[in-house]
Amino acid sequence: MATERVKCCYSWLLLWLCIRASESRNTRRSLDDDLLQPYTQGHGPAHSHRHVRDCQALIYSNTTYESWPSLSRSRQPVVDANVFVTDVEKGTRWVLGHMTVVHDPLKTVSVLEPGGPGGCNMKHRVSVEDTAKAAGCLYAQNGGFFNTQSGRCLGNVVSSGRLVQDSGGLQNAQFGIRRDGTLVFGYLSQEDVLDESNPFVQLVSGVIWLLRNGTIYINESLQAECSETQETGSLKYFVDVVSARTAVGHDKEGRLILFQIDGQTNRRGMNLWQVAEFLKKNGVINAINLDGGGSSTYVVNGSLASYPSDHCTSDSRWRCSRDVATVLCVHQRLCQPTNCSEHGECVDGSCQCEEGWQGAACDTLVCQPPACGPHGFCTASGCICDAGWRGTNCSEACLPGFYGDGCTKTCSCFNNGSCDPVNGRCVCPPGFHGDTCEQACPLGFFGASCAQECQCDDLCSCDPQTGSCNTTLPVDTTYTLHRAGHCLAKQMLTSWRQEEESHREQPYLTEQSWLITTLVLSCLLLASLIVSCHQVCRRSVTSRFPERQDYSYVPLQDINGAPSCSAKTRKGSLGVEDSDSQDEIWSPSHSGRL
C-alpha cells in the first residue's frame, strides 16, 4: 500500500513538472483582462447557514438544498455533446455555446484540481486544456472560483471522494455528487459538507443558484449570497451583466447538464437571467452558476473548443484561454471508488468483485457476521470458525476425539477420557488422573480427579471409581499390595534392629582394637619372660662357683689361636668341671695359685 502511494506521488509530481514545462514553453498566456468576480472583499457572504435557512420561502421548510437521483445507464453512451447558436434579446444578439448531457454522472464526472491532486494546496493555476489532457477527459469545462492574485481555490472542493478544501460553511451555491449517486444543488452547512453517512465524492462551489425545482431562483440567491462585489460592481450587476458564462445542472431524468457560452463582459454573451431561462427551456430542473468571464472555457479531448475572451500576453490581437483552478471533467466510466475498494476490478464503470465480496464498490463481504454465529467470523472465503467448532456457519462442535482449529487435531486420552474440543486437554472419568488419564487413582483415593479419600475400616482401599469398600481389587493391584507389604515389613524389621542396637551399651574399644592390644601385651609378656629366664640362669651359675665370680669366661682358642685337634678331643671327653678348670684364666685374686 505504501509503495502504491509513493508511485502515485511520483506520477503526479512528474505530471506537474510536465505541465510546468509546457507552461514555460507556452507563450500564449492570457492577460486575465476579462474578470468577472462577484465580491470586492474576499469571497462569499459573511452570514451563516442559519440566516439562509431562515430567509428562504416557507415552502422549502428548513431544507436549503435540493437532492435528485442521478441517471445510471451503462448501455448508453457516456455523453451527448451539442453546439448551439441562439439569439437573445429578440434576435438582436446571437450567442454561441455548448451543452453537454452526461448519462451516468456518478461514474463519468469528476471535479479536478488544477494540474491534478494537490493543485489547490499548492495554489496552482493551470489551463483547462492541460488539466483535461492529463486526466484523459472526453469533455471538460472550468469549475469554481479562485483568487486571481494568489491562485487559491475558493469555496468547497471534493475531488473523487477526497476532501480537498472545506470553506467553513461559506454560503454560496454548491453542486455535488454523493457516494450513492445523488445530485445535490443549493446551500450547504459545514455539517452537510462533512457528513460521513453518505459523503460527497465530488463537490464544487459557484455563485448564484439559478434554478430550484424548475423555478428561477436568482432573486432568492441575491438575498442569500448578498455582499459587495469586486471589479464588476455589486452582486446585482454581476447577475445582470452580459458575459461568457459557465453553469451546471440536471434534468428530470437525472442526467447532468454542463453549460458554457462564449462572450465578453458587457459586450456579448448572456446575463444570469438569460442563462436560467435558457436552461429552464431545455428541461433543466436545478442549476448553479460557475466561474465566468475570461475563465469560461470548454475543451474537447484536450483541445480548446470555445472562444476565450482574454487577450494574449504576447499579442493583444489574439485571444488566449485563462489558467484556472478547478475543472469539471467528463471521462469514461470509472468505478466508485476507482480501485473497487481493493477487492475487485473496474470494467466499464462497474466493479467486478473478487470471490467473497459483493456490492457496487466490492466493499461488502458475501458472508455477513450473523451468518457465522457466536463461534466464528466472516472473511472473504466464508466463515472462519473458532477452535473447537466446525460447519459452514460454525454451529457444530468438534466430533469426539478431535479438537483445535478446524477440528483437525486428534485427542490422546485413555480410559474413556473425553477431550476438550478447544485446547485438547483430557477430562478424566472418575478413578483416573494424569495428562492423558493413563493413571488410576492411588490406593486410598477415588472419584473425579482422585480428590476424595476412601472411608473404609482399617484404612483399607476402596473402589477408585465409586469409593465402595466392598470391592475386589484387580490381580495387579493385589500383587502390588503384596510387594508393598513385604517391602514395608522389611523396612519395619530393619528399623526395629536399628532401634535395639541404639539402646545397647556400646564398648569403648572395637574388636580389632582389642585384638591388637592383646597381641602387643602378649609380645611384651614374652619378652619379659625371656629376660627373666636369662637372669635366673646367670644367678644359678654364680651360686655354684662363688670363687669364679671375679673371672670371666674366655675360650682358649680366642687367646692362643686356632684350637688343636687334641684339645677339641679332650674337650669332648672331659666333663664340665675339667673343661671349666682348663679354661679358667688368671685373675689378680688368684695369682698366688698359679
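Parameters and conventions
Residues numbered from 1 in each chain as written. Predicted model: local features only at pLDDT ≥ 70, side-chain atom pairs only at ≥ 80, totals over all residues. Heavy atoms only, no water. Pairing = 2+ DSSP bridges. Helix = DSSP H or I, 4+ residues; strand = E, 2+ residues; numbered from the N terminus. Contact = heavy atoms within 4.5 Å. Axes fitted to C-alpha atoms, helices over the stretch in contact; angles between N-to-C directions. Core = buried A, V, L, I, M, F, W, Y, C linked by side-chain atoms within 4.5 Å. Buried < 20%, exposed > 50% of the residue type's maximum accessible area, 1.4 Å probe, protein only. Patch = residues over 30% accessible without salt bridge, like charges linked within 9 Å, V, L, I, M, F, W, Y side chains within 5 Å. Areas by Shrake-Rupley, 256 points an atom, 1.4 Å probe, with all protein chains shown as cover. Salt bridge = Lys/Arg side-chain N within 4 Å of Asp/Glu carboxyl O. Polar contact = N/O pair within 3.5 Å; in protein donor to acceptor, adjacent residues only side chain to side chain.

Asker: Give a detailed account of the sheet that holds strand β13 (residues 215-216), specifying residues and quantitative values.
Answerer: Spatially, β2-β3-β15-β14-β16-β12-β13 is the arrangement adopted by the seven strands of the open sheet, whose pairing is antiparallel. Whereas interior strands pair on both sides, the edge strands pair on one side only; in this sheet they are β2 (79-88) and β13. Pairing of strand β14 (residues 245-251) with strand β15 (residues 256-261) involves six bridges; the strand directions are antiparallel. In the sheet register, Val 248 faces β15, and the bridge partner there is Leu 258. Lying on the sheet, helix α8 (residues 272-281) is in contact with β2, β3 (93-102), β12 (209-212), β13, β14, β15 and β16 (284-289); it crosses β12 at an angle near 30°.

Asker: Describe the sheet that holds strand β9 (residues 174-178), and please don't skip the residues or the numbers.
Answerer: Either a parallel or an antiparallel arrangement is found when strands of a sheet pair, and the pairing is made through backbone hydrogen bonds. Within the open sheet, the six strands sit side by side as β1-β10-β9-β11-β7-β8. Their pairing is antiparallel. Since the sheet does not close on itself, it has two edges, and those belong to β1 (65-69) and β8 (162-165), each with one partner. Taken over all neighbouring pairs, the strand axes of this sheet differ in orientation by 25° on average, direction set aside. Two elements, β1 and strand β10 (residues 182-186), share five bridges in a ladder whose sense is antiparallel. Bridge pairing in β10 links Tyr 65 to Gly 186.

Asker: Could you give an account of the nonpolar core, with specific residues and numbers?
Answerer: Core analysis: the largest hydrophobic core is formed by 44 residues, its most contacted members being Phe 175, Phe 185, Val 248, Leu 256, Ile 288 and Val 330. Element by element, the count of residues in this core is highest for strand β20 (residues 327-330), at four residues. Leaving out residues up to four positions away in the same chain, Leu 256 has contacts with Thr 100, Val 101, Val 102, Pro 105, Val 109, Phe 175, Leu 183, Phe 185, Val 248, Gly 249 and His 250. In this structure, Leu 154, Leu 210, Leu 272 and Val 284 belong to the second largest nonpolar core, which totals 31 residues.

Asker: Go over the environment of Gly 254, please, and point to the residues and values.
Answerer: On the secondary structure map, Gly 254 appears in the loop between β14 and β15. Accessibility expressed as a relative area gives 0% for Gly 254, which makes it buried. Put simply, Gly 254 and Pro 69 are 185 residues apart on the chain and 5.8 Å apart in space, counted from C-alpha to C-alpha.

Asker: Mind laying out the side chain of Thr 131, listing which residues take part and the relevant values?
Answerer: Take Thr 131: it is sitting in helix α4 (residues 128-135). Setting aside residues no more than four positions away along its own chain, Thr 131 makes contact with Leu 112, Glu 113, Pro 114, Gly 115, Val 126 and Val 327.

Asker: Run through a nonpolar patch on the surface, naming residues and quoting values.
Answerer: On the surface, a cluster of nonpolar side chains totalling about 430 Å² of accessible area is made up of Val 83, Val 85, Trp 94 and Leu 96. At the level of elements, β2 and β3 are the ones that each hand at least two residues to the nonpolar patch.

Asker: Quick one: what's the story with the side chain of Arg 125, residue by residue and with numbers?
Answerer: Mapped onto the secondary structure, Arg 125 falls in the loop between β4 (109-112) and β5 (126-127). According to the relative accessible area criterion, Arg 125 is buried, its value standing at 17%. Within the structure, the side chain of Arg 125 is placed 3.2 Å from the backbone oxygen of Thr 148, a separation counted as a polar contact.

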